Amino acid sequence: GEHPGLRGLVAGVRMYFIKSWQWALVNLLLGGLFYASLQAYGIFTGLAAEFGRMLTLLMALFWFTMQFYALPFVMIQEHPSLRLAWRNSLFLVLASPLYLFFILLFLLLYGVISLLLVFPVILGSVSMVSILATQAVKDRLETFRIDEGGMNQS
């Protein structure tokens, strides 16, 4: 409901610049670890290797799914903390997986349509994902009657 303008944009960049790079580096590192794990399990054959591959894929899918909620949590915290945002994101994913499934399904369909039509990409698919993630976090906090200020505890 606010219109901070260019000054708000500059203040936001200053406030979240380091956090965003930390978030990106952790995700790149974990993405690399998941990839290396899949490659390592690919060398071996057998039931244990197949189980390791499936477990790695599930962990990677779960981690990257959690990231949908992580950035909005960082933004609404009084003191931005990635650890706390990831913890809150984990709880939110576990608390309402069906809600998240339908949002991600919608985003997948929107992405396919955007690729086919190109026009929605021009309109800002990235902005839509960001706004949808933020609104989803706010909706879930409201649904579970969690005060945004009360979730800043470690």
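Reading the values: the criteria
Residues numbered from 1 in each chain as written. Predicted model: local features only at pLDDT ≥ 70, side-chain atom pairs only at ≥ 80, totals over all residues. Heavy atoms only, no water. Helix = DSSP H or I, 4+ residues; strand = E, 2+ residues; numbered from the N terminus. Buried < 20%, exposed > 50% of the residue type's maximum accessible area, 1.4 Å probe, protein only. Contact = heavy atoms within 4.5 Å. Areas by Shrake-Rupley, 256 points an atom, 1.4 Å probe, with all protein chains shown as cover. Lys, Arg positive; Asp, Glu negative; His and termini not counted. Charge placed at Lys NZ, Arg CZ, Asp CG, Glu CD. Core = buried A, V, L, I, M, F, W, Y, C linked by side-chain atoms within 4.5 Å. Axes fitted to C-alpha atoms, helices over the stretch in contact; angles between N-to-C directions. Parallel < 35°, antiparallel > 145°, perpendicular 65-115°, else oblique. Nonpolar A, V, L, I, M, F, W, Y, C, P; charged D, E, K, R; others polar. Phe/Tyr/Trp six-rings, centres within 6.5 Å; stacked < 30°, edge-to-face > 60°. Lys NZ or Arg CZ within 6 Å of the ring centre and 35° of its normal.

### A look at the overall build of the protein chain
A tally of helices and strands in the protein chain yields five helices and zero strands. Overall, the protein chain shows an N-to-C arrangement of helices and strands of α-α-α-α-α. Each of the three principal axes of the protein chain carries a C-alpha extent, and together these read 55 × 45 × 30 Å. Within the protein chain, the fraction of its 154 residues that count as buried is 27%. Here the contacts in the protein chain between residues at least 6 apart in sequence split such that 64% fall between residues at least 24 apart. A total of about 10,700 Å² of accessible surface is found on the protein chain, and carbon and sulfur atoms cover 73% of it. For the protein chain, the distance from the average site of its 9 positive side-chain charges to the average site of its 7 negative ones is 7 Å.

### Observations concerning the nonpolar core
By size, the foremost hydrophobic cluster in this structure holds 23 residues, and its most contacted members are F68, Y69, F73, W86 and V137. Elements with a minimum of two residues in this core: α1 (5-43), α2 (47-76), α3 (82-95), α4 (97-117) and α5 (119-143).

### A closer look at the packing of α2 against α5
Between α2 and α5, whose axes approach to 9 Å, the crossing angle comes to 75°. By the criterion of interaxial angle, the relationship of α2 to α5 is roughly perpendicular. Contacts from F68, Y69, P72, F73 and I76 of α2 reach α5 at V129, L132, A133, T134, A136, V137, R140 and L141. Each residue belonging to the contact of α2 with α5 can be placed in one class, and the counts come to 11 nonpolar, one polar and one charged.

### A look at the packing of aromatic side chains
Taken as a whole and assessed by the stated rule, the structure comprises six aromatic pairs. Ring centres of F34 and F64 lie 6.1 Å apart, and the angle between their planes is 70°; on these two criteria the pair is classed as edge-to-face. Of the two residues, F34 is situated in helix α1 and F64 in helix α2; the sequence distance between them amounts to 30 residues. Look at F64 and you get partly exposed, because its relative accessible area is 38%. The positively charged end of R140 is found above the aromatic ring belonging to Y99, 3.8 Å away from the centroid.

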